[in-house]
Every structure is written in C-alpha cells, then in structure tokens.
Amino acid sequence: MAKKIQTPRGTQDILPEESYQWLYLENEIRKIFNRFDFFEIRTPVFEETELFARGVGETTDIVQKEMYTFEDRGGKSMTLRPEMTASVVRAYIQHALWNQGAVQKLSYISPMFRQERPQAGRLRQFYQFGVEILGTPGPVADVEAIALAMEIFNHLGLRNLTLRMNSVGCPKCRPNYRAVLRESLKNVKGRLCPDCQVRYDTNPLRILDCKKEICRKLTEDVPGIEDYLCEECRGHFNAVKNGLKVLEIPYTSDKRLVRGLDYYTRTAFEIVSTELGSQDAVCGGGRYDRLVFELGGPDVSGVGFAAGMERLLVIMRKNGLPLGEPPRPEVYFVSLGENAKTAVLKLAQQLRRSGFRCELDLAGRSVKAQMREANRIGALFAVIVGEDELSKNEAQVKNLENGTQTGVPFGKLPEFIRRDQ
RNA sequence: GUGGGUAUAGCUCAGUUUGGUUAGAGCGCCAGGUUGUGGCCCUGGAGGCCGUGGGUUCAAGUCCCACUACUCACCCCA
C-alpha cells in the first residue's frame, strides 16, 4: 500500500467512469465556441520561462511561487504553462496572425499547471477552457467574450451564477486612482493586515481584494475606481455595461474586483458560484491592451477569459445537471466453440463498419458469463453464435431490454439491429 | 510555506473508548445453482503485513512518538 506509486500531489486520473462526462462537457463547450465562430488553438504545454515572467508579471504570485520551472538538457529554463493567455499571445506574435484578419478569435480547452497547495477546486494540473480575442480595443469584443462565457454556463444548465464587473483603468488613469486610494487609506494604514500594509506601497488596488475582515471594513467607504477613470476608460466601461444590458446579462459592479494578473487593463470580470466553497471563481477574465506589445508584437489589444473545468464539474454535480451518459454498446457477441469465435470476429467487424458499437468475449468465458458481461456493460443486444447458428447462418439475437429472442440471418444483422433498437 | 482533520478489502465504512485466540459488513468483482442464455434470488470464492517506521507491553488495527500521503482552510487563483 505504502510504496505504490500514485498520482503526484494535486493531480488526478480521470477514469472511464468519469471521462465520458469530460467528453460531454468538452463537446458542449466547443459547440458554443463554434456558434460564436471561434477557432481552437493548441500550444505547447511548456514554454520558455521568460514568456510567463514577462507576460504574467514578475510580481504576481503565479510567477513568484507557483510555476513548474525546470531546465531542459540544453540548460534553458522552461516552464509548464500556468495559464494560457501568454502562450496564445506568443503564438499570435510568432505567426503574425494579425495578417490573417484584423481580429483573431481563438479558443482552447487545455491543462494548466501551478504548484500550489491543493484544496477543494484547486489542483496542480487543472483544465481551463477559454478564449482570447486579439486585435481590437472595441468594447463589443469585451461584451462578446463575457456573453460567450455566460452562454456556455447557461447552455450547460447553470443558474445562480454571479457576474462581477469592474474596470481597472489604464496606465493613464490608474496612477491617479492609486494615489486617491493611498490618500484615503493613509490614516488607517497601520490597522490593515500585514499583507495589505505591504500592498499599500506596492499595489494598493489589491487591498480592496483582501478577504480579511479588518481590511474589508477599513476599505468599505473608500471610493471605487469608477469615479476616477479617464474619459476613454469610462466610455469603454459604459459601453461594455450597455452591451450587457442589451443582451440582458445581469451583473453586479464590484469595486473590489481587481484581478491578480499584471496584464489587465480596463475591463475585469469574474463569474462566481456560491457552491464552490472558498475557491468560488469559476471564470475570470478581462482586457489586456498592453500585453501584445510588451511581448514584442504590434500595439494591439486583447480580451479574454479562462474558466476552470474541475470547478465547473463540481457545480454541475452539486446541481444534478446532465453530464452525458456512459456509452453502451449496441451489440455484445456471445460465442461458444472455436468456430463460432472465429465467425464472431468477422461478424463484429462487419457490424462495426455499419457503425455499431460492438463487443465480444476476449476472455474465453462461459456462455453464462458472456451473457452476464453483456448485461453488465449495458449492451442492447446479445448476438449469440454457436454450432447450430453456424450451420444455419443465422444468429440468435436477444434484446436485453425486453428479453425477446429471434433468429436473424448473419447478413441481416445490421438492419435488424437498426430497426429493433 | 502555515494551521486543522483523516489514514482498516477495488469503493463506502464498522472495529480503536475499556490492548487479548483465524480483522468484519454492504457494494463491486469472479464462479456455481441452468449439457448454450443476462437482470432478481440463493450459495461459494478471491481480495487487507489495519498508510510507513519506531516505541511501550507477555500481547498492538487498538496506547505513545515520528514520518508520509490524502483532505480542508489561509495566501493566491480557474
């Protein structure tokens, strides 16, 4: 028991009993991606470390303490991707995708890696689905990204989600607000939690996001950033909110919403569920108008979101929402005798080519055991072949739902099964 | 990185308080009850160095210590 090798901490196997649910989710998510005319992008699971250091931000927790970084045999520092945006932007630049159309709409469903202490809804290898819209600063793109996220959750049957909205401004107006924030917290600085006292100097916006009781109280009446946005940012934010109204997507404005990644500008949003415990965000995203340029590309804007598959699954299971059905074979071949086993091999191949999911006995078991197996895996029909059947070229086909059994000529099996199921 | 909880069969868990001969149940799995027929039922079987190491004791699944793993929470995030 003790020495068996098991999955590394914070990782999990997804076994057949569960994997069909993942396939269902991925299929449904891709359906909605398609309706919004997004195209899937796949990038390497590891990148040069520098990409994330520059892209995500040197000061973020992700870069400072959560990355899986290693040296390859050539001595280069590589990192398992902790998030997708930096990789997508890298690919966008590397392949000059702006030449393939003014706006690129890219989607993904991929594993991410962060070396954190695991807990409910937080794993070291976890799956995110998301999109990036590159090449336009227009607020409609923000609205489309948010609408797409909401549409996926809606399509999957999720209700009771809350969309939180804020703007984090731009390099022009954020410094002003930062100063306002510092000013209004000046007198209570000493009472903030130790972390926030540091944040006061390094990144005061994060104080708003602190979950500590004291800090929340002290920041309760602090002005929000909305009143201090520059004209452009205010206009953008209003346009986004208008778009949401047009689409009848409810949201709450939340001055405390300050996303943790450095690259965000203007729109920041988050979709939370009350059913996730303390890791309540199922989706987070926003606009990043400087990232492409900072990573060496043209000065174009981007907006996107990422959502957690495992967290989504948690919510769906709690709400008893449909997650697909485990596949059942149409046919289980029951054979007895060497000749029959050979014949059944061939019959199975023919039925499979007709599109049926077929199974046959690989373990050389008794007829009874084969029947039991057919029942256990939920086969619709047992097709029984022995010496008698071989001589008549006719199989005994038993409908396992209602127990009726009929003789069916080998050649007529596909049409019989198609008709009778 | 810091704290709390847990660790007995593939799974869910009894047994630990009051140490005492071969460690249990349900589910699942396998097989028999039907010389070639599933489900329900009956019968049987396989499967556990009771997380690992050490200690106390005549005797440890049970008491003590350490370690490890899992889990929940903090930080932060999807």
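Read on for a plain summary of the structure. Please read these numbers as outputs of a predicted model, since none were measured by experiment.

Bringing the overall build of chain A into the picture now. When helices and strands are tallied, chain A shows 16 helices and 16 strands. A compact globule built from 421 residues should have a C-alpha radius of gyration of about 22 Å, whereas chain A, at 28 Å, is more than 25% larger. Dimensions of chain A, computed from the C-alpha atoms along their principal axes, are close to 95 × 55 × 45 Å. When the 421 residues of chain A are sorted by exposure, 50% land in the buried category. At a minimum sequence separation of 6, the contacts of chain A that also span at least 24 residues come to 68%. Between the averaged position of the 60 positive side-chain charges in chain A and that of its 55 negative side-chain charges there is a distance of 3 Å.

So, about the sheet that holds strand β11 (residues 302-308). Spatial ordering of the open sheet is given by β1-β5-β6-β11-β10-β9-β7-β8, a layout of eight strands whose pairing is mixed. Looking along the sheet, the strands with just one partner apiece sit at the ends: β1 (39-40) and β8 (252-253). Of the pairings in the sheet, the one linking β1 to strand β5 (residues 104-113) comprises two bridges and is parallel in character. Across the sheet, residue E40 finds its bridge partner in β5, namely S107. Each of β1, β5 and β6 (125-134) touches helix α1 (residues 16-35); the most contacted strand, β5, lies at about 160° to it. Across the sheet, helix α12 (residues 309-318) lies against β5, β6, β7 (161-167), β9 (265-273), β10 (281-288) and β11, angled at about 110° from β6, the strand it touches most.

Turning to helix α10 (residues 231-246), a few remarks are in order. Taking 1.5 Å per residue as the helical rise, α10 with its 16 residues ought to reach 22 Å, and the 22 Å between its terminal C-alpha atoms agrees with that figure. If you check which residues of α10 are buried, you get C233, H236, F237, V240, K241, G243 and L244. Down the axis of α10, the buried set is contained in an arc of 155°. They therefore lie on one face. Residues of α10 that are exposed and angled more than 90 degrees away from the buried face: E231, K245 and V246. Tucked into the core, α10 has its buried residues touching α5 (139-155), β7, β8, β9 and β10. Of the residues trailing α10, E248 is marked for its positive phi of about 55°.

What counts and what doesn't
- Along each chain, residues carry numbers from 1 onward, in the same order as the chain's sequence is written.
- In the order they appear in the text, chains get letters beginning with A and ligands get numbers beginning with 1.
- It should be noted that, the model being predicted, local features are given only for residues of pLDDT at least 70 and side-chain atom pairs only at 80 or more, the latter also being counted only at that level, while totals for whole chains, interfaces and linings use all residues.
- To obtain the side-chain values, all non-hydrogen atoms of the structure were included, while hydrogens and water were left out.
- Note on conventions: DSSP H or I runs of at least 4 residues are helices, E runs of at least 2 residues are strands, and numbering of each starts at the N terminus.
- Taken over C-alpha atoms, the radius of gyration is set against a globule rule of 2.2 Å times the number of residues to the power 0.38.
- Per-residue accessibility, obtained with a 1.4 Å probe over protein chains only, is compared with the maximum for each type, and a residue is labelled buried under 20%, exposed over 50%, and partly exposed between these values.
- Here, two residues are considered to be in contact whenever any of their heavy atoms come within 4.5 Å of each other.
- His is not counted, nor are the chain ends; Lys and Arg add positive charge and Asp and Glu add negative charge.
- Note that the charge is assigned to NZ on lysines, CZ on arginines, CG on aspartates and CD on glutamates.
- At least two DSSP bridges between two strands are needed for those strands to be called paired.
- Angles shown run from 0 to 180 degrees and are taken between the N-to-C directions of axes, each axis being a line fitted to C-alpha atoms and, for helices, limited to the stretch in contact.
- A helix is expected to span 1.5 Å multiplied by its residue count minus one.
- Throughout, the arc means the angular range of directions from the helix axis out to the C-beta atoms.

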